[in-house]
Amino acid sequence: MTDLQMGFDGEVAVVTGAGQGIGRAHALELARRGAQVVVNDLGGAVDGTGGDAAAATAVVREIEAAGGVAVANFDSVATAEGGERIVRTALDAFGRLDAVVSNAGILRDKSFAKLEVGDLDAVLDVHLRGTFFVLMPAFRHMRANGGGRLVLTTSASGLYGNFGQSNYAAAKLGLVGLMRTLAIEGARYDITANAVAPIASTRLTRGSDGDDSDPMAPGRVSPLVVALCHRSCAISGEAFVAGGGVFARTWTALGDGWAPGEGESTVEGVAAHWDRIRSTDGGYEPPDAMQLADWLTARRESAAGSPPNA
Ligand code: NAI
């Protein structure tokens, strides 16, 4: 039994890509707080090639040595069968599933002009399709069994762009769209979904994992992820940046925009009003796409009753 306020006694968590780096840190922290953890990791190279049971096995041993409970799974998230088996491992070993942190990741960085289809497919398969493959069986299970917590791993590259990462950025922002929709569809079943864009010293960014003395150690991302995994946390549909012990929300909002009357809604009108159209004043975040349409209607109707430049 843990005596921590945010404990996970009796709960079961799956962390994908938990053989090293940020995923390992999440798995260790969840286990330290009493969760029974499925440590999934294919154990491949940074580019996704190869496979080795050593990484996930070592993390399970580390958890057990600290008095925790964990089981290893070596399936790839990049196939539907792999995703099913990862979720099945939790149910077979522990009989339930409360939280999933979809974290597994690879890189195939190339400038867009040099990108090959194989680099696109490999990255979409692990990050985007791989998250679907794990969360589809997990969501169905949680929907039928009292809910759960889903944390998806996005990236600053997806949110803001990064040279040489078109494949990765597109996959990672795709996960924000998936997360927003899971939050909407999961709400009535007490399933929450959130996304975290981590920043940490790992083999992806620095060649190897930063140790505890490193200000950007992977473990400095985990407090936010583990808090989102807790049943007491009802936050859903939100994205956060976490790294170096700094935690901040990131979101997609609309500016007030320019809503001219009928006559001015022309190419010339747009060209003359870029300052208004591009302004970030306002900052409305619609809860879903339908309510963006409502906002647009309300904005148009209020403009219709105002002077032409409103
Ligand atoms: P890492 O390379 O240390 O760990 C990723 C793990 O995922 C590896 O152990 C790898 O074997 C595993 N993996 C890869 N493909 C897999 C598959 N098909 N099935 C199962 N496991 C697989 O990388 P890191 O830095 O810990 O990254 C973790 C997540 O955070 C990734 O999704 C990454 O894109 C994301 N991220 C990391 C950032 C950073 O600053 N380190 C920045 C932004 C996002």
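This text goes with the structure placed above it.
Since we're looking at a predicted model, the values are computed, not measured. (Residues numbered from 1 in each chain as written. Predicted model: local features only at pLDDT ≥ 70, side-chain atom pairs only at ≥ 80, totals over all residues. Heavy atoms only, no water.)

> Quick question: what am I supposed to make of the overall build of the protein here?
In terms of helices and strands, the protein carries 11 helices and 8 strands. Against the globule reference of 19 Å for 310 residues, the protein gives a C-alpha radius of gyration of 22 Å, in line with a compact fold. Along the three orthogonal principal directions, the C-alpha set of the protein runs to about 70 × 45 × 40 Å. Here the protein holds 310 residues, and the buried ones make up 44% of them. Of the roughly 15,000 Å² of accessible surface on the protein, 55% is carried by carbon and sulfur atoms. (Helix = DSSP H or I, 4+ residues; strand = E, 2+ residues; numbered from the N terminus. Rg over C-alpha atoms; globule rule 2.2 N^0.38 Å. Buried < 20%, exposed > 50% of the residue type's maximum accessible area, 1.4 Å probe, protein only. Areas by Shrake-Rupley, 256 points an atom, 1.4 Å probe, with all protein chains shown as cover.)

> Is there a simple way to explain the site of the ligand in this structure?
Neighbouring the ligand are 30 residues, the closest being Asp 41, Asn 103, Tyr 168, Thr 202 and Arg 203. Arg 203 has a polar side-chain atom sitting 2.8 Å from an oxygen atom of the ligand. Notes on the ligand: free accessible area 830 Å², of which the protein chains cover 96%. Elements that contribute at least two residues to the shell around the ligand include exactly helix H1 (21-32), helix H4 (117-144), helix H6 (166-186), strand S6 (191-199) and helix H7 (203-206). Here the element with the most residues in the shell around the ligand is H7; it accounts for 3 residues. When grouped by side-chain class, the residues that make up the shell around the ligand number 11 nonpolar, 15 polar and 4 charged. (Near = heavy atom within 4 Å. Polar contact = N/O pair within 3.5 Å; in protein donor to acceptor, adjacent residues only side chain to side chain. Nonpolar A, V, L, I, M, F, W, Y, C, P; charged D, E, K, R; others polar.)

> Mind showing me how you'd approach the pairing of strand S5 (residues 148-153) here?
The side chains of a regular strand alternate between the sheet's two faces. Most of S5 sits out of view: 6 of its 6 residues are buried. Where burial is concerned, the two faces of S5 agree: the one with Gly 148, Leu 150 and Leu 152 and the one with Arg 149, Val 151 and Thr 153 are both buried. As paired elements, strand S4 (residues 99-102) and S5 share 4 bridges and run parallel to each other. Bridging across to S5, Val 100 finds its partner in Leu 150. For the segment spanning S4, H4 and S5, crossover handedness is right-handed. Pairing geometry for S5 and S6, over 6 bridges, is parallel. Bridging across to S6, Leu 152 finds its partner in Ala 195. (Pairing = 2+ DSSP bridges. Right-handed = clockwise from strand over helix to strand, strands pointing away.)

> Can you walk me through the packing of helix H3 (residues 80-94) against H4 in this structure?
The description of two helices packed together rests on the angle between their axes and the distance between the axes. Viewed as axis vectors pointing N to C, H3 and H4 meet at an angle of 45°, and their least axial separation amounts to 7 Å. Classified by the angle their axes make, H3 and H4 are oblique. For the pair H3 and H4, the crossing hand works out as right-handed. Of the residues in H4, those in contact with Ala 80, Gly 83, Glu 84, Ile 86, Val 87 and Leu 91 of H3 are Phe 133, Val 134, Pro 137, Ala 138, Arg 140 and His 141. Split into classes, the residues belonging to the contact of H3 with H4 amount to 8 nonpolar, 2 polar and 2 charged. (Axes fitted to C-alpha atoms, helices over the stretch in contact; angles between N-to-C directions. Parallel < 35°, antiparallel > 145°, perpendicular 65-115°, else oblique. Left-handed = near helix turned anticlockwise from the far one by under 90°. Contact = heavy atoms within 4.5 Å.)

> Is there a simple way to think about the pairing of strand S2 (residues 36-40) in this case?
Of all 5 residues that make up S2, 4 are buried, and the element is covered over most of its length. In this sheet, S2 lies alongside strand S1 (residues 12-15) in parallel orientation, the contact comprising 4 bridges. The residue of S2 that forms the bridge with Val 12 is Gln 36. A crossover links S1 with its parallel partner S2, the connecting element being H1, and its sense is right-handed. Two elements, S2 and strand S3 (residues 69-73), share 5 bridges in a ladder whose sense is parallel. For Asn 40, the partnering residue across the bridge sits in S3 and is Asn 73. Where the polypeptide runs from S2 across helix H2 (residues 54-65) and back to S3, its parallel neighbour, the crossover connection is right-handed.

> Even after reading the chapter, I still don't get the packing of H1 against H2, so can you show me in this structure?
Direction vectors running N to C along H1 and H2 enclose 25°, while the axes themselves pass 10 Å from each other. Classified by the angle their axes make, H1 and H2 are roughly parallel. In the packing of H1 onto H2, the handedness of the crossing is right-handed. Along the contact surface, H1 presents Arg 24, Ala 27, Leu 28 and Ala 31, while H2 presents Val 59, Glu 62 and Ile 63.

> What exactly am I supposed to notice about the pattern of salt bridges here?
Inspection of the entire model under this criterion finds 15 salt bridges. Ionic pairing is found between Glu 62 and Arg 24, a salt bridge with its closest N-O pair at 2.7 Å. Taken as a pair, Glu 62 in helix H2 and Arg 24 in helix H1 lie far apart in primary sequence, 38 residues in all. Accessibility expressed as a relative area gives 34% for Glu 62, which makes it partly exposed. We note a salt bridge from Glu 285 to Arg 180, for which the minimum N-O separation is 3.5 Å. Taken together, the positions of Glu 285 in the loop between helix H10 (274-278) and helix H11 (289-304) and Arg 180 in helix H6 put the pair 105 residues apart, joining distant regions of the chain. By sharing partners, the salt bridges in this structure join Arg 96, Asp 98, Arg 149, Asp 190 and Arg 231 into a single network. (Salt bridge = Lys/Arg side-chain N within 4 Å of Asp/Glu carboxyl O.)

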